[in-house]
Amino acid sequence: MTDFSKSLLFAAALALLAPFPVAHAGVFNLQKFVEPGLFAVGLEPEVIVTAPAGVGANAKYTHGITDLINLQGTVGMGTGPREFRVGAAITFDFFPDIDNQPGIGVAAQVMFMTLPLGPFGVARVDVTGIPYIHKAFHMSGNELDPYLGLPTGIIFGSNGLYNFQGIVAAGALFKPIERFRFNLEVGVQYMPSTEVTISGGVIYYHQ
């Protein structure tokens, strides 16, 4: 199979997720640093496959602030356990992905979500730290950038309840053409309850 055929196959797999409007924000492209003064825009379809299931879509804007800092804003809609959401994240890229060194950093994220009536009331705020590691591999002009993130934080419910949250997120960014990257990610939440999400998407990088 040629590299071009693999690119088409990967894009087709992501397209299967596209009709779903999405649930909660994942790691997506937080780990992919945007140079100062430049930006990236992305669309992240996502499916919660465990009960209670849900689907949705997040729009993301990332802006390069300094050589070490990116800012990202997220807005989305979904069905199932989460509905409307809006939030922001700041990413600190401590060790850039250069030569044989993997990229290592951490993002701090705050996300507000409206909910069907449940254990956290009608809304919740997630305050999350997301340490990550990734490494890009170049192949015949294409790029594969696998990553691992560990979102960990606290959920604050509108009814005064709170709980800790832990997620393991693994995925990859794939660049078949210049300025565009496709994403595929699996997230497994292990607290406060078990939840599995599958997300994909496309990102445009203004260079």
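It should be noted that the structure appears before, not after, this text.
Residues numbered from 1 in each chain as written. Predicted model: local features only at pLDDT ≥ 70, side-chain atom pairs only at ≥ 80, totals over all residues. Heavy atoms only, no water.

K.L.:
In this structure, what is going on with the overall build of the protein? I would like to understand it.
P.N.:
Scanning the protein for helices and strands turns up 1 helix and 12 strands. For the protein, the succession of helices and strands along the chain, N to C, is α-β-β-β-β-β-β-β-β-β-β-β-β. Within the span of the protein, comprising 207 residues, buried residues form 44% of the whole. As displayed, the protein offers around 9600 Å² of accessible surface, 74% of which is attributable to carbon and sulfur atoms. (Helix = DSSP H or I, 4+ residues; strand = E, 2+ residues; numbered from the N terminus. Buried < 20%, exposed > 50% of the residue type's maximum accessible area, 1.4 Å probe, protein only. Areas by Shrake-Rupley, 256 points an atom, 1.4 Å probe, with all protein chains shown as cover.)

K.L.:
Which parts of the structure should I look at to understand the environment of Y147?
P.N.:
In this structure, Y147 sits in strand 8 (residues 142-149). In this structure Y147 comes out as buried when scored by relative accessible area, which is 5%. Side chain to side chain, Y147 and E185 meet in a polar contact 2.5 Å long. (Polar contact = N/O pair within 3.5 Å; in protein donor to acceptor, adjacent residues only side chain to side chain.)

K.L.:
Just to check I follow, could you spell out the pairing of strand 9 (residues 152-157) for this structure?
P.N.:
Side chains on a regular strand alternate between the two faces of the sheet. For strand 6 (residues 121-134) and strand 9, the ladder comprises 6 bridges, and the chain directions are antiparallel. Its bridge partner being in strand 9, D126 is matched across the sheet by I155. Pairing analysis gives 5 bridges linking strand 9 to strand 10 (residues 162-177), with the strands arranged antiparallel. What sits directly across from F156, in strand 10, is Y162. Between strand 9 and strand 10, which pair antiparallel in sequence order, lie 4 residues; one of them, G160, sits at a positive phi of approximately 90°. (Pairing = 2+ DSSP bridges.)

K.L.:
What's the story with the side chain of D145 in this structure? I'm lost.
P.N.:
With respect to the secondary-structure elements, D145 resides in strand 8. Residue D145 is classed as buried on the basis of its relative accessible area of 0%. For D145, the side chain forms a polar contact with the side chain of H134, separated by 3.0 Å. At a separation of 3.5 Å, a polar atom in the side chain of D145 contacts the main-chain amide nitrogen of K135. Ignoring any residue separated from it by four or fewer positions in sequence, one finds D145 in contact with K32, H134, K135, A136, G171, A172 and L173. (Contact = heavy atoms within 4.5 Å.)

K.L.:
Which parts of the structure should I look at to understand the pattern of salt bridges?
P.N.:
Once the charged atoms of two side chains with opposite charge are near each other, the side chains can pair. Per the counting criterion, the structure on display carries 7 salt bridges. Here D97 and K135 are joined by a salt bridge, their closest N and O atoms 2.9 Å apart. On the criterion of sequence distance, the pair formed by D97 in the loop between strand 4 (85-95) and strand 5 (103-118) and K135 in the loop between strand 6 and strand 7 (137-139) is long-range, its members being 38 residues apart. The residue E143 makes a salt bridge to R181 at a minimum N-O spacing of 3.1 Å. On the criterion of sequence distance, the pair formed by E143 in strand 8 and R181 in strand 11 (residues 180-191) is long-range, its members being 38 residues apart. R181 carries the same exposure label as E143, and that label is buried. Put simply, K32, E143, D145 and R181 are held in one network by salt bridges that share partners. (Salt bridge = Lys/Arg side-chain N within 4 Å of Asp/Glu carboxyl O.)

K.L.:
What exactly am I supposed to notice about unusual backbone geometry here?
P.N.:
With the exception of glycine, the majority of residues adopt a negative phi angle, and the majority of peptide bonds are in the trans configuration. Residues A51 and P52 are joined by a peptide bond in cis, for which omega reads -5°. Note the cis peptide between M191 and P192, where omega equals 10°. Along the polypeptide, P192 turns up in the loop between strand 11 and strand 12 (195-206). One non-glycine residue, F28, adopts positive backbone phi at about 55°. With respect to the helices, strands and loops of the structure, F28 is situated in the loop between helix 1 (3-15) and strand 1 (39-48). Judged by relative accessible area, which is 0%, F28 ranks as buried. The backbone of D99 sits at a positive phi, close to 50°, despite the residue not being glycine.

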